[in-house]
Amino acid sequence: MCQHQPACPTADSADREAARLMAHHPEQGWSLLCNGVLLFEDTGELLPDGQIIAPHRPLTAGRVTTAA
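Just so we're clear, the structure is a prediction, and the values are computed from it rather than from any experiment.

Chemist: Teacher, can you tell me more about the pairing of strand β1 (residues 21–25) here?
Modeler: Where a strand is regular, its side chains alternate between the two sheet faces. Sheet topology note: the β1/strand β2 (residues 30–33) ladder contains 4 bridges and is antiparallel. Counted as the bridge partner of Leu-21 is Leu-33 from β2. Counted between consecutive antiparallel strands, the loop separating β1 from β2 contains 4 residues, among which Gly-29 sits at a positive phi close to 85 degrees.

Structure, rendered in structure tokens:
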């Protein structure tokens, strides 16, 4: 699917989210990556073969440090 050089990571690669954006619809909460992965704003994913990747954002926020 990808025509870029170097080619984007495939949909079954661990770094699949590094593929280039082909369509971005923040008002609907999803983006289509060059490798055919649908990436949702809650960090869930739908792979081209229909496999669902559950959201994987951190459960707790990290420490927040403010400058004095």
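Chemist: Explanation requested: the pattern of salt bridges in the structure shown.
Modeler: A side chain of one charge can pair with a side chain of the opposite charge when the charged atoms of the two come close. The full count for this structure, using the stated rule, is 1 salt bridge. Where Arg-16 meets Glu-45, a salt bridge forms, and the shortest distance between an N and an O atom there is 2.6 Å. Taken together, the residues Arg-16 in the segment before β1 and Glu-45 in strand β4 (residues 45–46) connect sequence positions 29 residues apart. On the accessibility criterion, Glu-45 (3% relative accessible area) is buried.

Chemist: Help me out: how do you make sense of the sheet that holds β4 in this one?
Modeler: Strand pairing in a sheet takes place through backbone hydrogen bonds and is either antiparallel or parallel in direction. Strand order in the open sheet made by the 5 strands is β1-β2-β3-β4-β5, with antiparallel pairing throughout. Either end of the sheet is taken by a strand with one partner, and the two such strands are β1 and β5 (52–53).

Chemist: When you look at the side chain of Asn-35 in this model, what are you seeing that I'm missing?
Modeler: With respect to the secondary-structure elements, Asn-35 resides in the loop between β2 and β3 (38–40). Overall, the relative accessible area of 9% leaves Asn-35 in the buried class.

The rules we used
Residues numbered from 1 in each chain as written. Predicted model: local features only at pLDDT ≥ 70, side-chain atom pairs only at ≥ 80, totals over all residues. Heavy atoms only, no water. Pairing = 2+ DSSP bridges. Helix = DSSP H or I, 4+ residues; strand = E, 2+ residues; numbered from the N terminus. Salt bridge = Lys/Arg side-chain N within 4 Å of Asp/Glu carboxyl O. Buried < 20%, exposed > 50% of the residue type's maximum accessible area, 1.4 Å probe, protein only.

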